[in-house]
Amino acid sequence: MIVVTGATGNVGRTLVRLLAEAGEEVTAVSRRITGADVPEGVRAVAADLADAGSMRPALAGADAVFLLTSGDLFAAEPKEIVAAVSGPGRVVLLSSQGVVTRPESASHGRFGAEVERAVMNSGARWTILRPGGFASNRFAWAAPVRASRTVAAPFGDVGLPVIDPDDIAEVAATVLREPGHDGRIYELTGPEPVTPRQSAAAIGEALGEVVTFVEQSREEARAQMLAFMPEPVADTTLAILGEPTPAEQRISPDVERVLGRAPRPFAAWARRNAAAFR
């Protein structure tokens, strides 16, 4: 049996479906999950990674765990989080590219590195997935696109190889189900750099309408971000978006290495999710 934490998120929801369709016994875990959130035949357990006791019912009979640690766990102890899920002996961790590209950042690098070390030292068989930016971050544009067919963002012509969360889920499903991935670290990116201006154009093409891109200044973008994220997180995010390192712009071969096909381009994600922007 495979336990999927973060089961209602952009990666976890697809991963649960893929595993269930492949005939795996799956337990889906999230804080407020219900049976209505999962496919037929999947067990849903409401639990919190920060509370080891709440995880015990979910892990009963488990052979492997997909571990997703979100930003609201930063105050938790990484070793305790990992100890709560490493009992089954197989852990696939969804980490972040920031562990190696922004190691000095508390929000993007240091916490993730601590979780990775805890997984590696847990005694479990492990695989680590380090994605870059998610294509699904563009859902933040849905309201302005619906309202006025306009988006505003900084650094309009700086490109990053964002990855489709469904590709992350497919890699995770493969790694969880097939041998040969123990002790591996996979960096996951899209097939090409995509700028915010190109992203807006791709969403417009998916809608069959023009979506106008308005470039924000760094200061305007920062003020907007501070309304919903802490200052250090906003500043590191802006640094990645505006002055990405060569490693953050590099296109990784690992999606194709695991899946035997190239990662999906951003335009494919936009077409699949066009309804969110209508």
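Located above this text is the structure these notes cover.
Quantities reported herein were computed from a predicted structural model and do not represent experimental measurements.

Bringing the overall build of the protein chain into the picture now. Each helix and strand in the protein chain was counted, giving 13 helices and 9 strands. Taking 19 Å as the expected radius of gyration for a compact globule of 278 residues, we find that the protein chain reaches 19 Å, a close match to that expectation. Classification of the 278 residues of the protein chain by burial places 52% in the buried group. Carbon and sulfur atoms form 51% of the exposed surface of the protein chain, whose accessible area is close to 12,500 Å². Between the averaged position of the 28 positive side-chain charges in the protein chain and that of its 34 negative side-chain charges there is a distance of 1 Å.

Taking a probe equal in size to a water molecule and rolling it over the atoms shows the remaining empty space. Estimates place the volume of the second largest pocket at around 150 Å³. Around the second largest pocket, the lining is made up of 13 residues, and of these Asn10, Thr14, Phe139, Asp166 and Asn273 lie nearest the centre. Each residue belonging to the lining of the second largest pocket can be placed in one class, and the counts come to 3 nonpolar, 6 polar and 4 charged.

Turning our attention to empty space enclosed by the protein. Enumeration over the complete set of coordinates arrives at 1 cavity of 30 Å³ or more. Along the walls of the largest cavity sit Ala202, Glu205, Ala206, Ala267, Ala270 and Arg271, which together make up its complete lining. Within the residue set of the lining of the largest cavity, elements represented by two or more residues are helix 8 (196-207) and helix 13 (266-272). For the lining of the largest cavity, a count of residues per class yields 4 nonpolar, no polar and 2 charged.

We note that arginine 149 has phi near 55 degrees; this positive angle belongs to a residue other than glycine. Inspection of the secondary structure puts arginine 149 in the loop between helix 6 (142-148) and strand 7 (150-154). The class for arginine 149 is buried, based on a relative accessible area of 17%. Unusually for a residue other than glycine, phenylalanine 155 sits at a positive phi of about 55 degrees. Turning to its location among the elements, phenylalanine 155 is positioned in the loop between strand 7 and helix 7 (165-177).

Looking now at the sheet that holds strand 8 (residues 184-188). Pairing is parallel across the open sheet formed by 7 strands, whose spatial order is 3-2-1-4-5-6-8. Edge positions in the sheet fall to strand 3 (43-46) and strand 8, since each has one partner strand and no second. Between one strand and the next, the sheet's axes are offset by a mean angle of 15 degrees, whatever the strand orientation. By the bridge criterion, 5 bridges tie strand 5 (residues 90-94) to strand 6 (residues 125-131) in an arrangement that is parallel. Following the sheet pairing, leucine 93 is matched in strand 6 by isoleucine 128. In this fold helix 1 (residues 12-21) packs onto strand 1 (2-5), strand 2 (26-30) and strand 4 (64-68), with an angle of close to 165 degrees to the strand it touches most, strand 1.

Looking now at the packing of helix 1 against helix 7. Relative orientation of the contacting elements helix 1 and helix 7 amounts to 45 degrees, with a least axis distance of 8 Å. Of the possible angle classes, the one that applies to helix 1 and helix 7 is oblique. Considering only the axes of helix 1 and helix 7, their crossing is right-handed. For the pair formed by helix 1 and helix 7, the contact residues are Thr14, Leu15, Leu18 and Leu19 on the first element and Asp166, Ala169, Glu170, Ala172, Ala173, Leu176 and Arg177 on the second. In terms of residue class, the contact of helix 1 with helix 7 is made up of 7 nonpolar, 1 polar and 3 charged.

Thresholds applied
- Residues numbered from 1 in each chain as written.
- Predicted model: local features only at pLDDT ≥ 70, side-chain atom pairs only at ≥ 80, totals over all residues.
- Heavy atoms only, no water.
- Helix = DSSP H or I, 4+ residues; strand = E, 2+ residues; numbered from the N terminus.
- Rg over C-alpha atoms; globule rule 2.2 N^0.38 Å.
- Buried < 20%, exposed > 50% of the residue type's maximum accessible area, 1.4 Å probe, protein only.
- Areas by Shrake-Rupley, 256 points an atom, 1.4 Å probe, with all protein chains shown as cover.
- Lys, Arg positive; Asp, Glu negative; His and termini not counted.
- Charge placed at Lys NZ, Arg CZ, Asp CG, Glu CD.
- 1 Å grid on protein atoms, 1.4 Å probe; cavity = no way out; pocket = protein on both sides within 12 Å on 5 of 7 lines; lining within 4 Å.
- Points joined across faces, edges and corners; volume = space filled by probe spheres on them.
- Nonpolar A, V, L, I, M, F, W, Y, C, P; charged D, E, K, R; others polar.
- Pairing = 2+ DSSP bridges.
- Axes fitted to C-alpha atoms, helices over the stretch in contact; angles between N-to-C directions.
- Contact = heavy atoms within 4.5 Å.
- Parallel < 35°, antiparallel > 145°, perpendicular 65-115°, else oblique.
- Left-handed = near helix turned anticlockwise from the far one by under 90°.

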